[in-house]
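For reference, the chains in residue letters:
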Amino acid sequence: MIEGLLKKSVRDLVPYTPKNYVVDIKLDANENNHVALQLNDKIAEALKGVKINHYPDSDSTVVRQMIADDFNININQVILGCGSDQIITLIINAFIDPEDKILIHTPTFDMYRITNKIAGGKTLEVPLGNDFEFDCKNFINVMEKEQPKIVFMTNPNNPTGGVIAKEDIIEITKKAKGIVVVDEAYMEFFNESAVDLVDKYPNLMVLRTLSKAFGLAGARIGYSIASEVLTKAVNRVKPPYNVSSIDQVAAKVCLENKSWAMEIIDDIIKEREVVSEALKALGLKVFDSEANFILFKMENAKGLYEYLLENKILIRYFGETGPLAGCLRMSIGTPEENKKVLRLIGEFL
Ligand SMILES: Cc1ncc(COP(=O)(O)O)c(C=O)c1O
């Protein structure tokens, strides 16, 4: 009976269900395995001052101001969300009526399509190329023909690690008749942000997160940067108190320790090249990545996934159908973690 009461758009929805296996080495969700324990102590100390009996600051003023200062923009250009996942939901809730269209490239992060499906919107997909390169010409053709209300681009892309040239983002934003969202969840590993474009293009919104480079995935902090007019429009659907006091404190501590995270980012980038070369030397097809993970393809990907799991290591396996058939994605862990995984992959092969 309950299933029958579900709204139509949700009845055939396949939910996004991350695997909750207990493992020794967790490399399935593009997290940062370097910083967590060091940040914990500082956050725990700062939490002593939290008035947990009161609701949080609904505007997350302190953290938004820190972000605004970092990017040299106005605080009214920033929204703080319970993860950038929530900002994606806010954007869709603000703009998408049933049957409205969004445009994405595929493969990419699943939450644009899932959130849009829940809202009753239609998702148009432009495939990436054979090596998952972005096809700007085709993307613009489809955009101009279909006139989607929102365009989502992920730069660097998850799960492929590929990037979109800034000229392409500018051209698409200029030609778009709707909202353009550039999801920069992994931008700290690439450094070609579109944030400097938001003052020029009022229809452009950039999404960032503290979950990846800054090691704060457990606290759930994401944010958007856009023109004041677009920020105000999206803010119309923001629930009050959407970021808990605990998470706001964690974000503040995290941003206060930003320089420390920057050193780790450099290490992850170096280690990414080490892992990539090692996988290639094992004869695997490795896709170029500018993020904190690597996508690779092989025969019997499922077998390797299971072998690593038996050894208490979790990476991401994408199944045997669709554009990601036979692909596996592993986050760049600490050098010790990477060494162990590479050794086991070698053994498996
Ligand atoms: C491209 C992309 N955007 C957004 C997110 C969500 O991040 P958050 O933890 O900020 O909700 C992810 C998480 O994997 C992602 O890969």
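Cut-offs applied
- Residues numbered from 1 in each chain as written.
- Predicted model: local features only at pLDDT ≥ 70, side-chain atom pairs only at ≥ 80, totals over all residues.
- Heavy atoms only, no water.
- Pairing = 2+ DSSP bridges.
- Helix = DSSP H or I, 4+ residues; strand = E, 2+ residues; numbered from the N terminus.
- Axes fitted to C-alpha atoms, helices over the stretch in contact; angles between N-to-C directions.
- Domains from an automatic or database assignment.
- Buried area = accessible area lost by both parts, 1.4 Å probe.
- Salt bridge = Lys/Arg side-chain N within 4 Å of Asp/Glu carboxyl O.
- Polar contact = N/O pair within 3.5 Å; in protein donor to acceptor, adjacent residues only side chain to side chain.
- Near = heavy atom within 4 Å.
- Areas by Shrake-Rupley, 256 points an atom, 1.4 Å probe, with all protein chains shown as cover.
- Nonpolar A, V, L, I, M, F, W, Y, C, P; charged D, E, K, R; others polar.
- 1 Å grid on protein atoms, 1.4 Å probe; cavity = no way out; pocket = protein on both sides within 12 Å on 5 of 7 lines; lining within 4 Å.
- Points joined across faces, edges and corners; volume = space filled by probe spheres on them.
- Buried < 20%, exposed > 50% of the residue type's maximum accessible area, 1.4 Å probe, protein only.

A. Local environment of the sheet that holds strand β5 (residues 150-154). On the basis of which strands lie adjacent, the open sheet formed by seven strands has the order β2-β8-β7-β6-β5-β3-β4 and mixed pairing. Of all the strands in the sheet, just β2 (78-82) and β4 (122-127) have a single pairing partner and so form its edges. Across the sheet, the axes of successive neighbouring strands diverge by a mean angle of 25°, strand direction being ignored. Sheet topology places strand β7 (residues 204-209) next to strand β8 (residues 221-226); five bridges connect them, and they run antiparallel. The partner of Met205 across the bridge, within β8, is Ala226.

B. Just the domain arrangement of the protein, in detail. Taken domain by domain, the protein consists of domain 1 (2-36 + 259-348) and domain 2 (54-257). The C-alpha-based centres of domain 1 and domain 2 are spaced at 23 Å. Taken over both partners, the interface formed by domain 1 and domain 2 buries close to 2,500 Å², and the fraction arising from carbon and sulfur atoms is 65%. For the interface between domain 1 and domain 2, the tally reads two salt bridges. For Lys285, the salt bridge goes to Asp131, with nearest N and O atoms at 2.8 Å. Counting across the domain 1 and domain 2 interface gives 13 residue pairs in polar contact (both at pLDDT 80 or more). Of all the secondary structure elements, the ones that give two or more residues to the side of domain 1 that touches domain 2 are α2 (8-11), α11 (258-281) and β10 (293-297).

C. Broad picture of the site of the ligand. Contacts to the ligand come from 14 residues, most closely from Ser84, Asp183, Tyr186, Thr209 and Ser211. Between the ligand and Ser211, the relevant distance is 2.6 Å, taken from an oxygen atom to a side-chain nitrogen or oxygen of the residue. Contacts to the ligand include Lys212, whose side-chain N or O atom sits 2.8 Å from an oxygen atom. Calculation on the ligand without its partners gives an accessible area of 390 Å², and the protein chains cover 93% of this total. Per-element tally for the shell around the ligand: the top contributor is helix α5 (residues 83-95), with three residues. Partitioning the shell around the ligand into residue classes produces four nonpolar, six polar and four charged.

D. Broad picture of empty space enclosed by the protein. Under the definition given, this model contains two cavities of 30 Å³ or more. Here the largest cavity is characterised by a volume of approximately 50 Å³. Residue lining of the largest cavity: Val35, Leu39, Phe214, Cys254, Asn257, Trp260 and Ala261, and that is the complete set. Shared between two domains, the lining of the largest cavity holds at least three residues of each, these being domain 1 (2-36 + 259-348) and domain 2 (54-257). Lining the second largest cavity we find His105, Leu128, Phe132, Glu133, Phe134, Asn157, Thr160, Gly162, Val163 and Ile164. Here the lining of the second largest cavity is composed, by residue class, of five nonpolar, four polar and one charged.

E. Expanded view of the pattern of salt bridges. Enumeration according to the criterion identifies 22 salt bridges in this entry. We note a salt bridge from Arg208 to Glu188, for which the minimum N-O separation is 3.3 Å. Residue Arg208 is located in strand β7, and its partner Glu188 is located in the loop between β6 (179-183) and β7; the two are separated by 20 residues in the primary sequence. The network of salt bridges with shared partners includes Lys26, Asp28 and Glu31.

F. Structural view of the pairing of β7. In terms of residue burial, β7 counts as a mostly covered element, since six of its six residues are buried. Going residue by residue along β7, you find Leu204, Val206 and Arg208 tucked away on one face and Met205, Leu207 and Thr209 tucked away on the opposite face as well. Looking at chain direction, β6 and β7 are connected through four bridges and run parallel. The partner of Asp183 across the bridge, within β7, is Leu207.

G. The sheet that holds strand β13 (residues 327-331), seen in detail. An order of β9-β10-β13-β12 is seen for the four strands of this open sheet, with the pairing classed as antiparallel. Every interior strand has two partners, whereas the edge strands, β9 (285-286) and β12 (316-317), have only one. As judged from the five bridges shared by β10 and β13, these two strands associate in the antiparallel manner. By the bridge assignment for β13, Lys297 is matched with Cys327.

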